[in-house]
Amino acid sequence: DVKVTQSSRYLVKRTGEKVFLECVQDMDHENMFWYRQDPGLGLRLIYFSYDVKMKEKGDIPEGYSVSREKKERFSLILESASTNQTSMYLCASSFVTANEKLFFGSGTQLSVL
Amino acid sequence: AQSVTQLDSQVPVFEEAPVELRCNYSSSVSVYLFWYVQYPNQGLQLLLKYLSGSTLVESINGFEAEFNKSQTSFHLRKPSVHISDTAEYFCAVRKAAGNKLTFGGGTRVLVKP
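Residues numbered from 1 in each chain as written. Chains lettered and ligands numbered in written order. Predicted model: local features only at pLDDT ≥ 70, side-chain atom pairs only at ≥ 80, totals over all residues. Heavy atoms only, no water.

Novice: So what's going on with the side chain of Gln-37 of chain A? Residues and values would help.
Specialist: Its place among the elements puts Gln-37 of chain A in strand β4 (residues 31–38). Classification of Gln-37 of chain A by relative accessible area gives buried; the value is 13%. Within the structure, the side chain of Gln-37 of chain A is placed 2.8 Å from the side chain of Gln-38 of chain B, a separation counted as a polar contact. Apart from residues no more than four positions distant in its own chain, Gln-37 of chain A is found in contact with Gly-42, Leu-43, Ser-87, Met-88 and Leu-90 of chain A together with Gln-38, Leu-44, Glu-88 and Phe-90 of chain B. (Helix = DSSP H or I, 4+ residues; strand = E, 2+ residues; numbered from the N terminus. Buried < 20%, exposed > 50% of the residue type's maximum accessible area, 1.4 Å probe, protein only. Polar contact = N/O pair within 3.5 Å; in protein donor to acceptor, adjacent residues only side chain to side chain. Contact = heavy atoms within 4.5 Å.)

Okay, here's the thing in structure tokens:
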């Protein structure tokens, strides 16, 4: 079974802290994605990566950055956490072709106080 | 840019009754269409997808969706729901030549006994 593992299920941070969310996949997928999920807004794409060291902005990249140094790992970084970044963060991966489905991790519920 | 609208945020339905979840998309190019499901306390998983060919696609658990190009819709239906179908359902669209998967706001289905 494909596995997409997010390092933390729940995370509580303070305003202004630098936050790292880690995601690892074990299927040699080229594409990796970070979404945030908020009630009524569905999933919104923050960033995605289609290869090592390659990244593209999604729909809501402000306040976030990403890092992909190895194919299996995709990190989301909140440079200075703010309360409006309290959300469920979902990582996903897929093969490169557009008809391939995404495999999702279980999510990280981040609370910024 | 592509976008997805799910017209109903919540759909309560009695067990063994039919259900329809509406999804409309906008895109100026050819797209692939997906329905993902998120059961309580679980990650998202693919329910079904439309890539090409027959406009009616089915899932293994009795759901079906019909692609209607003229109405830019991809509604999801099930003729008789079970308690276990209680979940949140997300419609998503991806350009045939792209990487980015755009989700709708989600529809919560609550199946009542």
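Novice: Talk me through the pairing of strand β5 (residues 42–51) of chain A; I want residue IDs and the actual numbers.
Specialist: All names here are of chain A. Most of β5 is tucked away: 7 of the 10 residues are buried. Alignment of β4 against β5, held across 7 bridges, turns out to be antiparallel. Paired with Tyr-35 across the two strands is Leu-45, which belongs to β5. Remark: 3 residues form the turn of the hairpin made by β4 and β5, two consecutive strands paired antiparallel; Gly-40 in that turn has positive phi of roughly 80°. Two elements, β5 and strand β6 (residues 54–57), share 3 bridges in a ladder whose sense is antiparallel. Bridge pairing in β6 places Asp-51 opposite Met-54. (Pairing = 2+ DSSP bridges.)

Novice: Which residues make up the confidence of the model for chain B, and what values do they have?
Specialist: Taken as a whole, chain B shows an average pLDDT of 92; of its residues, 100% reach a score of 70 or greater. The secondary structure element of chain B with the lowest average pLDDT is strand β7 (residues 56–58) of chain B, at 88, and the one with the highest is strand β3 (residues 19–21) of chain B, at 97. (pLDDT = per-residue confidence, 0-100.)

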